[in-house]
Amino acid sequence: MTILAALALAAASMATPGSSVTTIYAPYLAGQNGAPASERAIYARPVRALIARWFKLSTAIGEVDALNDFDWLCGCQDGDPKTYRGKIIARRMLAPGLAELRVVVRVTERAPYMARLRLRREAGRWLIEDLFSADFKQGLQAALRSTIADDTKLLQAKGSPQ
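Just so it is clear, the structure is predicted and the values come from calculations on it, not from any experiment.

Peer 1: Please explain the overall build of the protein as it appears in this structure.
Peer 2: When helices and strands are counted, the protein shows four helices and four strands. Reading the secondary structure of the protein in the N-to-C direction produces α-α-α-β-β-β-β-α. Within the protein, buried positions represent 40% of all 162 residues.

So this is what it looks like as structure tokens:
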């Protein structure tokens, strides 16, 4: 498959909020142990900026922090494609170009993981603007900001420049 064809396929698979969520969770069904959720191209611009800042700080610290010890999309560390089940249980449009979908995901034998994804349409794709779950009660963006603040304090305490 050519790069252009692959890009076209990826863009088409994110054309609706529902198809976007299906694409976001597809690696779990396929049993792919690819890039962590934090490194995937599934986030809207403001979240990508926060992730970049957080990644830079967490790399400088060199320690596991509150956000890099589990997969953000399932609240798990490892998934099993044999047990994976995912379902969109609610959808609603909040505004033009802004949708919210509730999903229930089972990636392991443990209890299902419930999440609410707020998606924003950018450049023809529906991307995660925020994610709410048991791990992110105030949302992924709030968790990123809080962890960035914590990591900044830790880095300053170590005497390293930001």
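This is not the end of the story, as more comes after the structure.
Peer 1: Where do I start with the environment of Tyr 28 in this structure?
Peer 2: Position of Tyr 28 relative to the elements: it lies in helix H2 (residues 17-30). When near neighbours in sequence (up to four residues on either side) are disregarded, Tyr 28 contacts Asp 71, Leu 73, Cys 74, Pro 81, Tyr 84 and Val 107.

Peer 1: It is not clear to me how the sheet that holds strand E2 (residues 98-106) should be interpreted in this structure. Could you clarify?
Peer 2: Backbone-to-backbone hydrogen bonds pair the strands of a sheet. The strands run either parallel or antiparallel. Spatially, E1-E2-E3-E4 is the arrangement adopted by the four strands of the open sheet, whose pairing is antiparallel. The open sheet has two edge strands, strand E1 (85-95) and strand E4 (125-133), and neither has a second partner. When strand polarity is set aside, the average angle formed by the axes of neighbouring strands in this sheet is 25°. Relative to strand E3 (residues 113-122), E2 runs antiparallel, the two being bridged by eight bridges. When the bridges of E3 are listed, Ala 99 appears paired with Leu 119.

Peer 1: What should I look at first to understand unusual backbone geometry in this one?
Peer 2: Trans peptide bonds make up most of the peptide bonds, and negative phi angles are found at most residues other than glycine. Within the chain, Ala 123 stands out as a residue other than glycine whose phi angle is a positive 50°. Tracing the sequence through the fold places Ala 123 in the loop between E3 and E4. Ala 123 sits in the exposed class, given a relative accessible area of 84%.

Cut-offs used in this document
Residues numbered from 1 in each chain as written. Predicted model: local features only at pLDDT ≥ 70, side-chain atom pairs only at ≥ 80, totals over all residues. Heavy atoms only, no water. Helix = DSSP H or I, 4+ residues; strand = E, 2+ residues; numbered from the N terminus. Buried < 20%, exposed > 50% of the residue type's maximum accessible area, 1.4 Å probe, protein only. Contact = heavy atoms within 4.5 Å. Pairing = 2+ DSSP bridges. Axes fitted to C-alpha atoms, helices over the stretch in contact; angles between N-to-C directions.

In short, the description is geometric, and any link to function would need to be established separately.
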